[in-house]
Amino acid sequence: MRTPQFEEFIAPARHYPQIWRIIVGILALFGAYIIPIMVGFVLVGIFLPAAAFNLQLALSEPVTPAAMFILLGTFLFMGLGAVAAAAVHRRGLASLIGPFRPACRNFTRSVGLCLLIFLISGAAVSLTFPDAPLPNMPLTTWLSYLPLALPLLLIQTGAEELVFRGYLMQQLAARFKSPIVWMGIPTVLFGLAHTDPTIDPKLTVLIICATGLFGLAAADLTRVTGNLGAAIGFHFTNNFFALFLVSIAGEMSGLSLYLAPFTMDDVDTLMPLMAVDMVVVVITWMLLRRWLRPAG
């Protein structure tokens, strides 16, 4: 299970692998992520009390571009949290990503292949789906948002990968031999982090499973390549389609070009679409794994 590339990837985590450091690191991660956001809300409540409720409502249902910009921007603190957690083990950001040049190469290759696969699968689904997506904003307006939206999306997806496939997987792999621990625990946590108690329970379980499947694929790509490049590229492209191209109304749809012709209440429609999405994730993982696997 441990490739030479993965052994190199987790080598910095071996220097200070103590369990107490992992516990303190997770606390540091949460503190660096949550505290600035809470302070921001408090300051808005003090200085702009009339806007505080509107801000909270906008972030709970980010259906405007401004709300999406703010929401995606908050993931900067998650990324800083991963760096703070790594600092507990006396290592830095670069150690979370892996070798820089291979990571950049894997990122660009992953984005390119994922774009192709997602465009083909999206076209196939649209041919079998009776209703066309609904316009959400003019194309020119959407394009004008992308110069800011794309870096923020990279921050959001990169931060999640730094936490789950970077810090957590590295430190657990440095401490435990079993992949059930160092791949399984981050995968389960990643899936549970996407729990939505406001929707149908069956759909919630399927979303957790689908997200967990994606997390497992990203973890395996990291294990095979020895860096986060492929995982971030896979995650970035997936979220680009889900958040910026076709979104479900009311579900982080503020920067989406189109809206799906259904809502989260249409469980009978969403269940088979989620199943198709999981198949596409598996196919994409298999192709990426084959293409990006180091020679030898």
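Up top is the structure these notes are about.
Residues numbered from 1 in each chain as written. Predicted model: local features only at pLDDT ≥ 70, side-chain atom pairs only at ≥ 80, totals over all residues. Heavy atoms only, no water.

### Section: the overall build of the protein
Moving on, step 1. Broken down by element type, the protein carries 13 helices and three strands.
Moving on, step 2. For 296 residues, the compact-globule estimate of 2.2 N^0.38 gives 19 Å, and the C-alpha radius of gyration of the protein, at 19 Å, lies within 12% of that figure.
Moving on, step 3. Projected onto the principal axes, the alpha-carbon positions of the protein cover approximately 50 × 50 × 35 Å.
Moving on, step 4. Looking at the protein as a whole, 44% of its 296 residues are labelled buried. (Helix = DSSP H or I, 4+ residues; strand = E, 2+ residues; numbered from the N terminus. Rg over C-alpha atoms; globule rule 2.2 N^0.38 Å. Buried < 20%, exposed > 50% of the residue type's maximum accessible area, 1.4 Å probe, protein only.)

### Overview of the nonpolar core
Among soluble globular proteins, nonpolar side chains are generally buried collectively.
Moving on, step 1. Grouped together as the largest cluster of nonpolar side chains are 60 residues, with contacts concentrated most on W142, F234 and F244.
Moving on, step 2. Take this core: its biggest share by element is 14 residues, from helix α8 (residues 139-175).
Moving on, step 3. Once residues lying within four places of it in the same chain are set aside, the contact partners of F234 are S110, C114, F118, F214, A217, L221, V281, T284, W285 and L288.
Moving on, step 4. Counting 11 residues, the second largest nonpolar core, distinct from the first, contains L206, I207, A210 and L270. (Core = buried A, V, L, I, M, F, W, Y, C linked by side-chain atoms within 4.5 Å. Contact = heavy atoms within 4.5 Å.)

### Quick look at the pattern of salt bridges
Moving on, step 1. Applying the stated criterion to the full structure yields four salt bridges.
Moving on, step 2. E7 serves as the salt-bridge partner of R14, at 2.6 Å between the closest nitrogen and oxygen.
Moving on, step 3. Classification of R14 as partly exposed rests on a relative accessible area of 38%.
Moving on, step 4. On the basis of relative accessibility, which here comes to 28%, the residue E7 falls in the partly exposed class.
Moving on, step 5. The salt bridge involving D220 is made with R223; its shortest N-O contact spans 2.9 Å. On the criterion of helical spacing, the pair formed by D220 and R223 is a turn pair, its members being three residues apart in helix α11 (residues 201-225). By the burial criterion, D220 is buried, and R223 matches it.
Moving on, step 6. Within the structure, one salt-bridge network assembled from shared partners comprises D220, R223 and R289. (Salt bridge = Lys/Arg side-chain N within 4 Å of Asp/Glu carboxyl O.)

### A few points about the environment of A28
Moving on, step 1. In this fold, A28 is placed in helix α2 (residues 19-47).
Moving on, step 2. Taking the C-alpha atoms as reference points, A28 and A85, 57 residues apart in sequence, are found 5.5 Å from one another.
Moving on, step 3. Residues in contact with A28, not counting those within four places in the same chain, are A84, A85 and V88.

### Focus: the sheet that holds strand β2 (residues 246-247)
Moving on, step 1. A sheet is described by the order of its strands in space; here three strands give the open sequence β1-β3-β2, paired in mixed fashion. Strands with a single pairing partner mark the edges of an open sheet, and in this sheet they are β1 (134-135) and β2.
Moving on, step 2. Summarising the sheet, β1 and strand β3 (residues 258-259) pair through two bridges and their orientation is antiparallel. When the bridges of β3 are listed, L134 appears paired with L259. (Pairing = 2+ DSSP bridges.)

### A few points about the packing of aromatic side chains
Moving on, step 1. Per the stated rule, a full pass over the model turns up 13 aromatic pairs.
Moving on, step 2. Ring plane angle 75 degrees and centroid distance 5.9 Å describe the contact between F69 and Y145, whose orientation is recorded as edge-to-face. One end of the pair, F69, is in helix α4 (residues 65-73); the other, Y145, is in helix α8, and 76 residues separate them in sequence.
Moving on, step 3. Residue F69 is classed as buried on the basis of its relative accessible area of 17%.
Moving on, step 4. Taking the relative accessible area as the measure of exposure, Y145 reaches 25% and is therefore partly exposed. (Phe/Tyr/Trp six-rings, centres within 6.5 Å; stacked < 30°, edge-to-face > 60°.)

### Side note on the environment of K202
Moving on, step 1. For K202, the position within the fold is in helix α11.
Moving on, step 2. Separated by 32 residues in sequence, K202 and Q170 have C-alpha atoms that sit 32 Å apart.

### Let's talk about helix α12 (residues 229-245)
Moving on, step 1. Across its 17 residues, α12 extends 23 Å between first and last C-alpha, which sits within 8% of the 24 Å expected from 1.5 Å per residue.
Moving on, step 2. With respect to burial, α12 is a largely interior element, 15 of its 17 residues being buried. (Expected span 1.5 Å × (residues − 1).)

### Structural notes on the environment of I248
Moving on, step 1. With respect to the secondary-structure elements, I248 resides in the loop between β2 and β3.
Moving on, step 2. Take I248: its relative accessible area is 16%, and that puts it in the buried class.
Moving on, step 3. Separated by 47 residues in the primary sequence, I248 and P201 have C-alpha atoms spaced 18 Å apart.

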